[in-house]
Structure formats: structure tokens, C-alpha cells
Amino acid sequence: MTRRISLTQYLIEQQRQHGHIPQELRLLIEVVARACKRIAISVNKGALGEVLGTAGSENVQGEVQKKLDIIANEVLIEANEWGGHLAAMASEEMEGIYVVPNRFPQGEYLLMFDPLDGSSNIDVNVSIGTIFSVLKKPEGSAGVCEADFLQPGHQQAAAGYCVYGPQTTLVLTVGDGVVMFTLDREQGSFVLTEDEVKIPEDTKEFAINMSNMRHWDAPMKRYIDECLEGSTGVRGKDFNMRWIASMVADVHRILTRGGVFMYPWDKREPNKAGKLRLMYEANPMAFLVEQAGGAATNTRQRILDLQPSQLHERVSVVLGSKNEVEQITRYHLEAGK
Ligand code: P6P
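For clarity, every value in this text was computed on a predicted model and none was experimentally measured.

Visitor: With reference to specific residues and values, describe the packing of aromatic side chains.
Guide: Within the structure shown, the criterion is met by four aromatic pairs. Look at Trp243 and Tyr263: their rings are 5.9 Å apart centre to centre, the planes differ by 50 degrees, and that puts the pair in the tilted class. Note that Trp243 is positioned in the loop between strand 12 (240-241) and helix 5 (247-257) and Tyr263 in strand 13 (residues 260-263), a separation of 20 residues in sequence. Take Tyr263: its relative accessible area is 12%, and that puts it in the buried class. Ring pairs connect the aromatic residues Trp243, Phe261 and Tyr263, which therefore count as one cluster.

Visitor: Before we move on, could you go through the packing of helix 5 against helix 6 (residues 278-291) and cite the residues and values that matter?
Guide: Close contact between helix 5 and helix 6 brings their axes to 11 Å; oriented N to C, the two are set at 10 degrees. As the angle between them shows, helix 5 and helix 6 are arranged roughly parallel. Contacts between helix 5 and helix 6 involve Met247, Val248, Val251 and Leu255 from the first element and Glu281, Met285, Leu288 and Val289 from the second. When the residues that make up the contact of helix 5 with helix 6 are grouped by side-chain class, the tally is seven nonpolar, no polar and one charged.

Visitor: Please give an account of the environment of Gln14 that cites residues and values.
Guide: Mapped onto the elements of the fold, Gln14 is located in helix 1 (residues 7-18). Spatially, the C-alpha atoms of Gln14 and Ile254 are 25 Å apart, while their sequence positions differ by 240 residues. If sequence neighbours within four positions are ignored, Gln14 has contacts with Gly19, His20, Ile21 and Asp176.

Visitor: Can you tell me about the nonpolar core, naming the residues and giving the values?
Guide: Among the nonpolar cores identified, the biggest contains 47 residues, and Leu25, Leu111, Leu116, Val134, Tyr164 and Phe181 are the most heavily contacted of them. The element that contributes the greatest number of residues to this core is helix 2 (residues 23-45), accounting for eleven residues. Excluding residues within four positions of it along the chain, Leu25 makes contact with Tyr109, Val134, Ala157, Ala158 and Val174. Of all hydrophobic cores here, the second largest spans 44 residues; its members include Leu110, Met112, Val248 and Leu276.

Visitor: Can you break down helix 4 (residues 218-229) residue by residue, with the values?
Guide: A rise of 1.5 Å per residue sets the reference length of helix 4, with its twelve residues, at 16 Å; its end C-alpha atoms lie 16 Å apart and thus fit the reference within 8%. Within the span of helix 4, buried status applies to Pro219, Met220, Tyr223, Ile224, Glu226 and Cys227. The arc that holds every buried residue of helix 4, seen down its axis, measures 155 degrees, which confines them to one face. Where helix 4 is buried, its residues contact strand 11 (205-207), strand 13, strand 17 (317-320) and helix 7 (322-335).

Visitor: Which residues make up the sheet that holds strand 9 (residues 179-184), and what values go with them?
Guide: Strand order in the open sheet made by the eight strands is 4-3-5-6-7-8-9-10, with mixed pairing throughout. Strands at the two margins of the open sheet, each flanked by one partner only, are strand 4 (98-99) and strand 10 (189-194). Pairing between strand 8 (residues 168-173) and strand 9: four bridges, direction antiparallel. Looking at strand 9, one finds that Val171 is bridged to Met180. Strand contacts of helix 2: strand 3 (86-91), strand 5 (109-117), strand 6 (128-136), strand 7 (158-164), strand 8, strand 9 and strand 10, with the helix running at about 15 degrees to strand 5, the strand carrying the most contacts.

Visitor: Describe the site of the ligand, listing the residues and the values that go with them.
Guide: Surrounding the ligand, one finds 13 residues, the nearest of these being Asp117, Asn209, Trp243, Met247 and Tyr263. Contacts to the ligand include Asp117, whose side-chain N or O atom sits 2.7 Å from an oxygen atom. Side-chain polar atom of Lys275 to an oxygen atom of the ligand: 3.0 Å apart, as the coordinates give it. Coverage of the ligand by the protein amounts to 83% of the 400 Å² it exposes when considered alone. Contributing elements (two or more residues each) for the shell around the ligand: strand 13 and strand 14 (276-277).

What counts and how
- Residues numbered from 1 in each chain as written.
- Predicted model: local features only at pLDDT ≥ 70, side-chain atom pairs only at ≥ 80, totals over all residues.
- Heavy atoms only, no water.
- Phe/Tyr/Trp six-rings, centres within 6.5 Å; stacked < 30°, edge-to-face > 60°.
- Helix = DSSP H or I, 4+ residues; strand = E, 2+ residues; numbered from the N terminus.
- Buried < 20%, exposed > 50% of the residue type's maximum accessible area, 1.4 Å probe, protein only.
- Axes fitted to C-alpha atoms, helices over the stretch in contact; angles between N-to-C directions.
- Parallel < 35°, antiparallel > 145°, perpendicular 65-115°, else oblique.
- Contact = heavy atoms within 4.5 Å.
- Nonpolar A, V, L, I, M, F, W, Y, C, P; charged D, E, K, R; others polar.
- Core = buried A, V, L, I, M, F, W, Y, C linked by side-chain atoms within 4.5 Å.
- Expected span 1.5 Å × (residues − 1).
- Arc of directions from axis to C-beta.
- Pairing = 2+ DSSP bridges.
- Near = heavy atom within 4 Å.
- Polar contact = N/O pair within 3.5 Å; in protein donor to acceptor, adjacent residues only side chain to side chain.
- Areas by Shrake-Rupley, 256 points an atom, 1.4 Å probe, with all protein chains shown as cover.

Here's what the structure looks like:
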């Protein structure tokens, strides 16, 4: 039974006992958590809060922005800009970086986020979430620029997400395992509900958008065909399939009971490495999954080793139960280019 302590107490105890959560990082995490509580209030209002539907604009990805996408982005910017812990922020909803205004002190951290992942599920009341990733600003760089953000995922100081589902749950890693906090709405605070998240190395459950099957590369088709053959095929076991179309919700299920999530390259847009974004979707989720004993690749390389070249670059993603990720990756490496 996990001891029921608040996020604040957990962070202070971690800082005191292990010293690996510097004061500024603890403040950053608490500010992001408070912003997520604020976002949850807007999400939970739904139609009552006039927050459903589209905002009539597109983001830098060319995707139609939902009203809640913009609300969530503004909440995270306003919550984080004044605290003195950040030098700049970057978001799926903003083309360039947001440098902390001169009227506030600048800190040593960089914060990236997908303010509301899974937007297509907002209007149909299916779980969505906020994903965040924390880097340190490179030493000695005067000021801050986009290039400061272009660090491989293994450099992350912290990463996490908040899933707005039947429960509002904050999932966090600072590089020492993965913990989960559930929002206690009576207290108004996140309470520790899982202190040692572990992903089983094997699974019988895969998550992929099957409607894209005809567009996949051969190794991905091979893996899924073998799963579909079930106990009569080479895998010798039947598989189940889930696809929520909210990465946060699919990853939360995998962190909770195992599984493998895939969003691979496909030939519809051959020049795009994949649909998901490296800096504020794949990297934070890969950090969490690895910290929970899982694995995460772009079908050929470890995601956390990838050197980013652009803030909004996309990547193929395979993550979850270690042995399945390794098998999918092996099939792609065997197939060569
Ligand atoms: P599709 C949501 O838009 C998202 O970025 C991820 O959260 C999710 O896994 C994926 O796209 C869903 O994509 O093509 O199935 O709608």
C-alpha cells in the first residue's frame, strides 16, 4: 500500500533524502502540477464551460486548434513565466519558443509541452492529457534560443503527463523511477497513489491505428500480422488490441498493465518520419517508459538517443513492454533501410 502523501511532501522528501530534485526543479514541477489542476477544471466543465469545439485557427502543425488547446497553452504559459525557474518554454501550439519576459527573473530550466494531447477526443468525452518535458539550459549560453532546446531526450531533467480521465492523474519521473499522483478533489491536491511503476516485459496487448495498415512498412505489417495470427501463429498466443487516439491515455494503460504502443512511419507522407512529435510527445513518454523498465525506439534507434534538428520534428514511435519493443525493432533492423 503506497503511503498517501501529497506531491509537495513527496518532492520535499525526495529532495531531502536523495538531493536529486534541486529547489528550482521542485518549484517547476509544483507549478506545472498546479497548471494541470487548472486545466482539469476547464476540461471537466465541457459544454457547461463553453470550452468545446474548435477555435477557428490552426497551429504550426497545420492542425485545427480546439478551444481547450489554446486555453491549456495559456494556462501553462501564465503559470510558469513569473516563477524564476524557467528561461523559456516551447509548445505544440506555438511556432517559436516563448522566452520569459524581462519583467520576470530567468531560471536555468527549459519547459516543453503538448498542452492538450488527444484533442480529437475532447468533444466526445474521452481521456486527454497534458505532456511535459524539462531540460536544463546549456551552461554558459547567454540568453536563450531555440537551439538550446535541441538536446537528446536522455538529457531530460524531468518528464511527465497529467491524464484527464475518470481520475485526474499526474505521472512523473525525475530519473529515479516513475510515480503516480491522483487528484484528491476534496483536498484540491495531488496525492501519491503509486510509488514504483513497473511495465511487465511481456504483453498480449498492442495499440496501433489499424486503419493505416495498408500504408505501413513491411516489418510493421509482419509484426501486426503475427499478433493477429494469435495462438495458431508463430507467437503462440492471442493478442488484444486497444487504440484510444490519445497518446497519454494509451501510455497510461501501458504504464499501468503493460502493452506496446506504435505510431510508425507510413507511405502517405514518406518525407515525415512519423505523426508524433519528438520533443514534447516521444521524448517525455520514452523517458517515463524506460524509467518504468520498458523500452522506446523509433523502430531502429533508442528515442532518447536521437539528436533533434527542429523543435517540432516528428518521429516514429514504438514504446512499452521491453520484449515486444525489441522484437519490433529487430524486425525493422533485419529489413534494413
Ligand atoms: P490518429 C493525438 O492527436 C495524437 O497526437 C496522439 O495523442 C495519438 O496517439 C495520435 O495522435 C492519434 O492519431 O491518427 O489515430 O488520430
